[in-house]
Amino acid sequence: GGLAGIPGVLIHGQLDLSCPAATAWELARAWPGAELLMDPHSGHRGSDTKRAWMLATLDRFARSG
């Protein structure tokens, strides 16, 4: 609840072994208004999908400010 009103997008790889997907999912549930993007084909390292999501998210935040 302390994060309510603060925009956030969580970009996570479902195959990430060092930071389990369940952790990102739990954070997204506890963060009102957060958006969770889960790439089912990547792990902790970057991927083309996660990179595209990150750039689109940064562009969206830049345009909203």
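All figures in this text were calculated on a predicted structure; none of them were measured in a lab.

Considering the packing of aromatic side chains
Using the criterion set out here, one finds 0 aromatic pairs in the structure. Residue placement shows Arg 60 over the ring face of Phe 61; its charged tip is 5.8 Å from the ring centre.

A look at the pairing of strand 2 (residues 35–39)
Sheet topology note: the strand 1 (residues 9–13)/strand 2 ladder contains 5 bridges and is parallel. When the bridges of strand 2 are listed, Leu 10 appears paired with Leu 36. Note on the crossover from strand 1 through helix 1 (residues 21–30) to strand 2: the handedness is right-handed.

Digging into the side chain of Lys 50
Mapped onto the elements, Lys 50 comes out in helix 2 (residues 48–64). Lacking a salt bridge, the buried Lys 50 has Asp 16 as its closest oppositely charged neighbour, with an N-O distance of 5.7 Å.

What to know about helix 1
Listed as buried for helix 1 are Ala 21, Ala 24 and Ala 28. The buried residues of helix 1 all sit within an arc of 65° when viewed along its axis, so they share a single face. Opposite the buried face of helix 1, by more than 90 degrees, sit the exposed residues Glu 26 and Arg 29.

A closer look at the confidence of the model for the chain
When pLDDT is averaged across the chain, the result is 93; 100% of the residues are at 70 or more. Model confidence for the chain, summarised as mean pLDDT per element, is weakest for helix 1 at 94 and strongest for strand 2 at 97.

A few points about the pattern of salt bridges
Taken as a whole and judged by the stated rule, the model has 3 salt bridges. Between Glu 35 and Arg 60 there is a salt bridge, with the nearest N and O atoms lying 2.9 Å from each other. With a gap of 25 residues between them, Glu 35 in strand 2 and Arg 60 in helix 2 connect regions that are remote in the sequence. A salt bridge links Arg 63 to Asp 59, with the shortest nitrogen-to-oxygen separation between them at 2.8 Å. Of this pair, Arg 63 and Asp 59 both sit in helix 2, 4 residues apart, which is roughly one turn of the helix. Take Asp 59: its relative accessible area is 37%, and that puts it in the partly exposed class.

Cut-offs applied
By convention here, each chain's residues receive numbers from 1 onward along its written sequence. Reporting in this predicted model follows two pLDDT cut-offs: at least 70 for local features of residues, and 80 or more for side-chain atom pairs to be given and counted; totals over whole chains, interfaces and linings ignore these cut-offs and use all residues. Excluding hydrogens and water, the side-chain figures rest on all heavy atoms present in the structure. Stacked, tilted and edge-to-face pairs are distinguished by plane angle, under 30 degrees for stacked and over 60 for edge-to-face with tilted covering the rest, among Phe, Tyr and Trp rings (Trp via its six-membered ring) whose centres lie within 6.5 Å. Charge over a ring is defined by NZ of Lys or CZ of Arg lying within 6 Å of the ring centre and within 35 degrees of the ring normal. Strand pairing is defined by DSSP finding a minimum of two bridges between the two strands. Labels follow the DSSP assignment, with helices taken as runs of H or I lasting at least four residues and strands as runs of E lasting at least two, numbered in each case from the N terminus. With the strands aimed away from the viewer, a crossover counts as right-handed if its path from the first strand over the helix to the second runs clockwise. Exposure categories follow from relative accessible area, calculated using a 1.4 Å probe and restricted to protein chains: below 20% of the type maximum is buried, above 50% is exposed, and the middle band is partly exposed. In this count, Lys and Arg are taken as positive residues and Asp and Glu as negative ones, while His and the chain termini are left out. A side-chain nitrogen of Lys or Arg and a carboxyl oxygen of Asp or Glu constitute a salt bridge if their distance falls within 4 Å. Each C-beta atom gives one direction from the helix axis, and the arc is the one those directions make. The pLDDT value tells you how sure the predictor is about a given residue, anywhere from 0 up to 100.

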